[in-house]
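Architecture at a glance
Take a look at the letters that make up each chain.
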Amino acid sequence: MDTQKLLLQLNWRYAVKKFDPQRQIDLATWQVLEQALVLSPSSYGLQPWRFVVITSPEIKAQLPAISWNQRQPADCSHMVVLTAKEQLDEAYIDQHVQQTADARGVLPAALAGYRRMLLSAIAQSESHLDWNSRQVYLALGQLLTAAAILGVDACPLEGIQLDAYDKLLGLEALGYRSVVGCALGYRDPSDVDATKHKVRFATQQIIQRV
(Lines give C-alpha, C1' and ligand atoms only; values in the text may rest on other atoms or scores of the structure.)
Protein backbone atom coordinates (compact mmCIF):
# COMPACT_ATOMS: atom_id res chain seq x y z
CA MET A 1 0.00 0.00 0.00
CA ASP A 2 1.39 3.42 -0.92
CA THR A 3 1.38 6.29 1.58
CA GLN A 4 -1.46 8.21 -0.03
CA LYS A 5 -3.70 5.13 -0.08
CA LEU A 6 -3.06 4.63 3.63
CA LEU A 7 -4.02 8.21 4.44
CA LEU A 8 -7.07 7.94 2.19
CA GLN A 9 -8.31 4.89 4.10
CA LEU A 10 -7.67 6.49 7.49
CA ASN A 11 -9.65 9.53 6.39
CA TRP A 12 -12.43 7.26 5.13
CA ARG A 13 -12.66 5.49 8.48
CA TYR A 14 -15.14 6.76 11.01
CA ALA A 15 -17.16 5.39 13.93
CA VAL A 16 -20.18 4.02 12.10
CA LYS A 17 -23.50 5.10 13.53
CA LYS A 18 -25.67 2.78 11.43
CA PHE A 19 -24.61 -0.54 9.95
CA ASP A 20 -26.26 -2.31 7.04
CA PRO A 21 -27.51 -5.53 8.67
CA GLN A 22 -27.75 -7.24 5.29
CA ARG A 23 -24.04 -6.97 4.51
CA GLN A 24 -21.63 -9.45 6.02
CA ILE A 25 -17.85 -9.53 6.10
CA ASP A 26 -16.62 -12.39 3.93
CA LEU A 27 -14.66 -15.20 5.56
CA ALA A 28 -11.30 -14.41 3.93
CA THR A 29 -11.44 -10.76 5.03
CA TRP A 30 -12.53 -11.70 8.53
CA GLN A 31 -9.68 -14.17 8.90
CA VAL A 32 -7.23 -11.36 8.11
CA LEU A 33 -8.85 -9.14 10.75
CA GLU A 34 -8.60 -11.94 13.29
CA GLN A 35 -4.91 -12.30 12.53
CA ALA A 36 -4.49 -8.54 12.96
CA LEU A 37 -5.82 -9.01 16.49
CA VAL A 38 -3.51 -11.97 17.09
CA LEU A 39 -0.52 -9.90 15.92
CA SER A 40 -1.33 -6.94 18.19
CA PRO A 41 1.50 -5.62 20.37
CA SER A 42 1.44 -5.94 24.15
CA SER A 43 3.79 -5.16 27.02
CA TYR A 44 6.46 -7.87 27.24
CA GLY A 45 4.49 -9.73 24.58
CA LEU A 46 2.27 -11.21 27.30
CA GLN A 47 -0.97 -10.92 25.31
CA PRO A 48 -3.19 -10.72 28.43
CA TRP A 49 -6.46 -10.82 26.50
CA ARG A 50 -9.12 -12.77 24.69
CA PHE A 51 -11.24 -11.51 21.82
CA VAL A 52 -14.82 -12.78 21.78
CA VAL A 53 -16.26 -12.68 18.25
CA ILE A 54 -20.06 -12.62 18.18
CA THR A 55 -21.89 -13.48 14.96
CA SER A 56 -24.87 -15.35 16.40
CA PRO A 57 -28.04 -13.38 15.53
CA GLU A 58 -29.62 -14.56 18.78
CA ILE A 59 -26.79 -13.22 20.93
CA LYS A 60 -26.37 -10.02 18.92
CA ALA A 61 -30.08 -9.31 19.37
CA GLN A 62 -29.51 -9.18 23.13
CA LEU A 63 -26.70 -6.64 22.95
CA PRO A 64 -28.48 -3.29 22.42
CA ALA A 65 -30.25 -3.69 25.78
CA ILE A 66 -26.86 -3.86 27.53
CA SER A 67 -25.24 -1.28 25.22
CA TRP A 68 -27.35 1.74 26.18
CA ASN A 69 -29.72 0.92 23.30
CA GLN A 70 -27.08 1.41 20.62
CA ARG A 71 -27.96 -0.60 17.53
CA GLN A 72 -24.45 -1.17 16.19
CA PRO A 73 -23.80 -4.40 18.16
CA ALA A 74 -26.95 -5.99 16.72
CA ASP A 75 -26.78 -4.66 13.15
CA CYS A 76 -23.08 -5.16 12.47
CA SER A 77 -21.63 -8.23 10.78
CA HIS A 78 -19.21 -9.14 13.58
CA MET A 79 -19.19 -7.81 17.13
CA VAL A 80 -15.88 -8.18 18.94
CA VAL A 81 -15.67 -7.93 22.72
CA LEU A 82 -12.09 -7.24 23.73
CA THR A 83 -11.44 -8.68 27.17
CA ALA A 84 -8.56 -8.51 29.64
CA LYS A 85 -7.20 -11.26 31.86
CA GLU A 86 -8.01 -10.49 35.48
CA GLN A 87 -4.84 -11.89 37.01
CA LEU A 88 -1.38 -12.85 35.81
CA ASP A 89 0.38 -15.55 37.78
CA GLU A 90 3.49 -17.71 37.66
CA ALA A 91 1.74 -20.41 35.65
CA TYR A 92 0.77 -17.89 32.97
CA ILE A 93 4.34 -16.57 32.82
CA ASP A 94 5.70 -20.10 32.49
CA GLN A 95 3.28 -20.82 29.67
CA HIS A 96 4.42 -17.69 27.86
CA VAL A 97 8.11 -18.51 28.39
CA GLN A 98 7.58 -22.05 27.10
CA GLN A 99 5.76 -20.76 24.03
CA THR A 100 8.56 -18.26 23.39
CA ALA A 101 11.18 -20.97 23.74
CA ASP A 102 9.32 -23.26 21.34
CA ALA A 103 8.90 -20.49 18.76
CA ARG A 104 12.59 -19.57 18.88
CA GLY A 105 14.04 -23.05 19.10
CA VAL A 106 15.68 -22.71 22.51
CA LEU A 107 15.24 -24.34 25.90
CA PRO A 108 13.17 -22.48 28.54
CA ALA A 109 16.27 -22.38 30.72
CA ALA A 110 17.84 -20.02 28.18
CA LEU A 111 15.07 -17.53 29.00
CA ALA A 112 15.53 -17.67 32.78
CA GLY A 113 16.48 -14.00 32.99
CA TYR A 114 13.45 -13.01 30.93
CA ARG A 115 11.24 -15.13 33.19
CA ARG A 116 12.58 -13.43 36.31
CA MET A 117 11.94 -10.02 34.79
CA LEU A 118 8.34 -10.93 33.95
CA LEU A 119 7.67 -12.29 37.43
CA SER A 120 9.11 -9.11 38.94
CA ALA A 121 6.94 -6.96 36.65
CA ILE A 122 3.68 -8.67 37.59
CA ALA A 123 4.62 -8.67 41.28
CA GLN A 124 5.00 -4.89 41.19
CA SER A 125 1.68 -4.26 39.43
CA GLU A 126 -1.01 -3.09 41.84
CA SER A 127 -3.82 -4.13 39.49
CA HIS A 128 -3.26 -6.66 36.76
CA LEU A 129 -6.72 -5.98 35.35
CA ASP A 130 -5.99 -2.26 35.01
CA TRP A 131 -2.64 -2.93 33.33
CA ASN A 132 -4.04 -5.61 31.07
CA SER A 133 -6.97 -3.41 30.08
CA ARG A 134 -4.53 -0.83 28.74
CA GLN A 135 -2.95 -3.54 26.60
CA VAL A 136 -6.39 -4.30 25.16
CA TYR A 137 -6.58 -0.77 23.75
CA LEU A 138 -3.42 -1.46 21.74
CA ALA A 139 -5.27 -4.34 20.11
CA LEU A 140 -8.33 -2.16 19.50
CA GLY A 141 -6.19 0.39 17.67
CA GLN A 142 -4.63 -2.30 15.51
CA LEU A 143 -8.07 -3.74 14.68
CA LEU A 144 -9.47 -0.35 13.69
CA THR A 145 -6.48 0.40 11.44
CA ALA A 146 -6.52 -3.01 9.80
CA ALA A 147 -10.25 -2.72 9.15
CA ALA A 148 -9.84 0.70 7.56
CA ILE A 149 -7.10 -0.57 5.26
CA LEU A 150 -9.34 -3.42 4.14
CA GLY A 151 -12.34 -1.13 3.60
CA VAL A 152 -14.29 -2.61 6.50
CA ASP A 153 -16.29 -0.25 8.69
CA ALA A 154 -15.98 -0.28 12.45
CA CYS A 155 -17.30 1.41 15.55
CA PRO A 156 -15.43 1.16 18.87
CA LEU A 157 -17.89 0.98 21.74
CA GLU A 158 -17.07 1.93 25.31
CA GLY A 159 -20.77 2.56 25.88
CA ILE A 160 -21.51 -0.99 26.92
CA GLN A 161 -22.45 -2.42 30.31
CA LEU A 162 -19.34 -4.40 31.11
CA ASP A 163 -20.75 -6.53 33.92
CA ALA A 164 -23.73 -7.50 31.78
CA TYR A 165 -21.45 -8.47 28.89
CA ASP A 166 -19.34 -10.53 31.29
CA LYS A 167 -22.45 -12.37 32.48
CA LEU A 168 -23.87 -12.95 29.00
CA LEU A 169 -20.57 -14.32 27.70
CA GLY A 170 -19.61 -16.25 30.84
CA LEU A 171 -16.31 -14.41 31.15
CA GLU A 172 -15.89 -14.35 34.91
CA ALA A 173 -15.62 -18.13 35.07
CA LEU A 174 -12.78 -17.89 32.55
CA GLY A 175 -10.89 -15.21 34.47
CA TYR A 176 -11.45 -12.44 31.92
CA ARG A 177 -13.39 -9.17 31.97
CA SER A 178 -14.90 -7.11 29.16
CA VAL A 179 -13.05 -3.88 28.44
CA VAL A 180 -14.39 -2.44 25.18
CA GLY A 181 -16.41 -3.55 22.19
CA CYS A 182 -15.92 -3.07 18.47
CA ALA A 183 -18.67 -3.55 15.90
CA LEU A 184 -17.51 -4.31 12.36
CA GLY A 185 -19.33 -4.51 9.06
CA TYR A 186 -20.42 -2.02 6.44
CA ARG A 187 -22.10 1.35 6.83
CA ASP A 188 -25.71 1.70 5.83
CA PRO A 189 -26.28 4.06 2.85
CA SER A 190 -28.67 6.09 5.01
CA ASP A 191 -26.00 6.87 7.61
CA VAL A 192 -25.69 10.61 7.05
CA ASP A 193 -22.70 10.88 9.38
CA ALA A 194 -20.64 8.94 6.87
CA THR A 195 -20.49 11.93 4.52
CA LYS A 196 -19.52 14.50 7.10
CA HIS A 197 -16.00 15.94 7.07
CA LYS A 198 -13.61 14.44 9.59
CA VAL A 199 -12.75 16.94 12.33
CA ARG A 200 -9.20 16.86 13.67
CA PHE A 201 -6.87 19.39 15.24
CA ALA A 202 -4.25 20.82 12.89
CA THR A 203 -0.99 18.89 12.76
CA GLN A 204 0.96 21.74 14.34
CA GLN A 205 -1.40 21.74 17.31
CA ILE A 206 -0.86 18.14 18.31
CA ILE A 207 2.53 17.14 16.87
CA GLN A 208 5.58 18.41 18.72
CA ARG A 209 8.96 17.84 17.14
CA VAL A 210 12.11 18.09 19.24
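Please refer to the structure higher up on the page.
Let me sum up the structure you'll find in this document.

Conventions and cut-offs
- Residues numbered from 1 in each chain as written.
- Predicted model: local features only at pLDDT ≥ 70, side-chain atom pairs only at ≥ 80, totals over all residues.
- Heavy atoms only, no water.
- Phe/Tyr/Trp six-rings, centres within 6.5 Å; stacked < 30°, edge-to-face > 60°.
- Buried < 20%, exposed > 50% of the residue type's maximum accessible area, 1.4 Å probe, protein only.
- Lys NZ or Arg CZ within 6 Å of the ring centre and 35° of its normal.
- Core = buried A, V, L, I, M, F, W, Y, C linked by side-chain atoms within 4.5 Å.
- Helix = DSSP H or I, 4+ residues; strand = E, 2+ residues; numbered from the N terminus.
- Contact = heavy atoms within 4.5 Å.
- Salt bridge = Lys/Arg side-chain N within 4 Å of Asp/Glu carboxyl O.
- Polar contact = N/O pair within 3.5 Å; in protein donor to acceptor, adjacent residues only side chain to side chain.
- Expected span 1.5 Å × (residues − 1).
- Arc of directions from axis to C-beta.
- Axes fitted to C-alpha atoms, helices over the stretch in contact; angles between N-to-C directions.
- Parallel < 35°, antiparallel > 145°, perpendicular 65-115°, else oblique.
- Left-handed = near helix turned anticlockwise from the far one by under 90°.
- Nonpolar A, V, L, I, M, F, W, Y, C, P; charged D, E, K, R; others polar.
- Pairing = 2+ DSSP bridges.

Scanning all chains against the criterion turns up two aromatic pairs. With a centroid separation of 5.4 Å and 40° between ring planes, the pair formed by Trp-49 and Phe-51 is classed as tilted. The exposure class of Trp-49 is buried, given its relative accessible area of 8%. By relative accessible area, Phe-51 is classed as partly exposed at 21%. When the ring centre of Tyr-186 is taken as origin, the NZ or CZ atom of Arg-23, which lies over that ring, is 4.0 Å away.

Now for the nonpolar core. Core analysis: the largest hydrophobic core is formed by 23 residues, its most contacted members being Leu-33, Leu-82, Val-136, Val-152, Cys-182 and Leu-184. Take this core: its biggest share by element is seven residues, from helix α7 (residues 128-150). Look past the residues within four positions of Leu-82 in its chain and what remains in contact with it is Leu-37, Arg-50, Phe-51, Val-136, Ala-139, Leu-140, Arg-177, Ser-178, Val-179, Val-180, Gly-181 and Cys-182.

The next point concerns the pattern of salt bridges. Taken as a whole, this structure holds nine salt bridges when the rule is applied. In this structure, the salt-bridge partner of Asp-130 is Arg-134, at a minimum N-O distance of 2.6 Å. Of this pair, Asp-130 and Arg-134 both sit in helix α7, four residues apart, which is roughly one turn of that helix. By relative accessible area, Arg-134 is classed as partly exposed at 47%. The salt bridge partner of Lys-196 is Asp-193, with a shortest N-O separation of 2.8 Å. Overlapping salt bridges bring together Glu-86, Asp-166, Glu-172 and Arg-177 as one network.

Glancing now at the side chain of Asp-20. Following the sequence through the fold, Asp-20 ends up in the loop between α1 (3-12) and α2 (27-38). A polar contact of 2.9 Å, which involves the side chain of Asp-20, links it to the backbone nitrogen of Gln-22. For Asp-20, the contacting residues outside a window of four places in its chain are Asp-75, Tyr-186, Arg-187, Asp-188 and Pro-189.

Quick look at the environment of Thr-29 now. Position of Thr-29 among the secondary structure elements: in helix α2. Judged by its relative accessible area of 17%, Thr-29 is buried. As a C-alpha pair, Thr-29 and Ala-147 span 118 residues in sequence and 9.1 Å in three-dimensional space. Once residues within four sequence positions are removed from consideration, Thr-29 is found in contact with Leu-150 and Val-152.

On to α2. Compared with the 16 Å implied by 1.5 Å per residue over twelve residues, the 16 Å span of α2 between its first and last C-alpha is a close match. For α2, the complete set of buried residues consists of Thr-29, Trp-30, Leu-33, Ala-36 and Leu-37. An end-on view of α2 places all buried positions within 110° of arc, on one side of the element. Where α2 starts, the residue carrying a side-chain oxygen 3.2 Å from the main-chain nitrogen of Ala-28 turns out to be Asp-26.

Below, the discussion takes up the packing of α2 against α7. At a closest axis distance of 9 Å, the pairing of α2 and α7 adopts a crossing angle of 150°. Regarding the angle of α2 to α7, the classification is roughly antiparallel. Once α2 is placed against α7, the crossing between them reads as right-handed. Residues Thr-29, Val-32, Leu-33, Ala-36 and Leu-37 of α2 form the contact with α7, whose own contacting residues are Ala-139, Gln-142, Leu-143, Ala-146, Ala-147 and Leu-150. For the contact of α2 with α7, a count of residues per class yields nine nonpolar, two polar and no charged.

We now examine the sheet that holds strand β4 (residues 176-185). Spatially, β1-β2-β4-β3 is the arrangement adopted by the four strands of the open sheet, whose pairing is antiparallel. At either end of the open sheet lies a strand with only one pairing partner, and these are β1 (49-54) and β3 (153-157). Strand-to-strand, the axes of this sheet are offset by a mean angle of 25°, without reference to chain direction. Looking at chain direction, β1 and strand β2 (residues 78-85) are connected through six bridges and run antiparallel.

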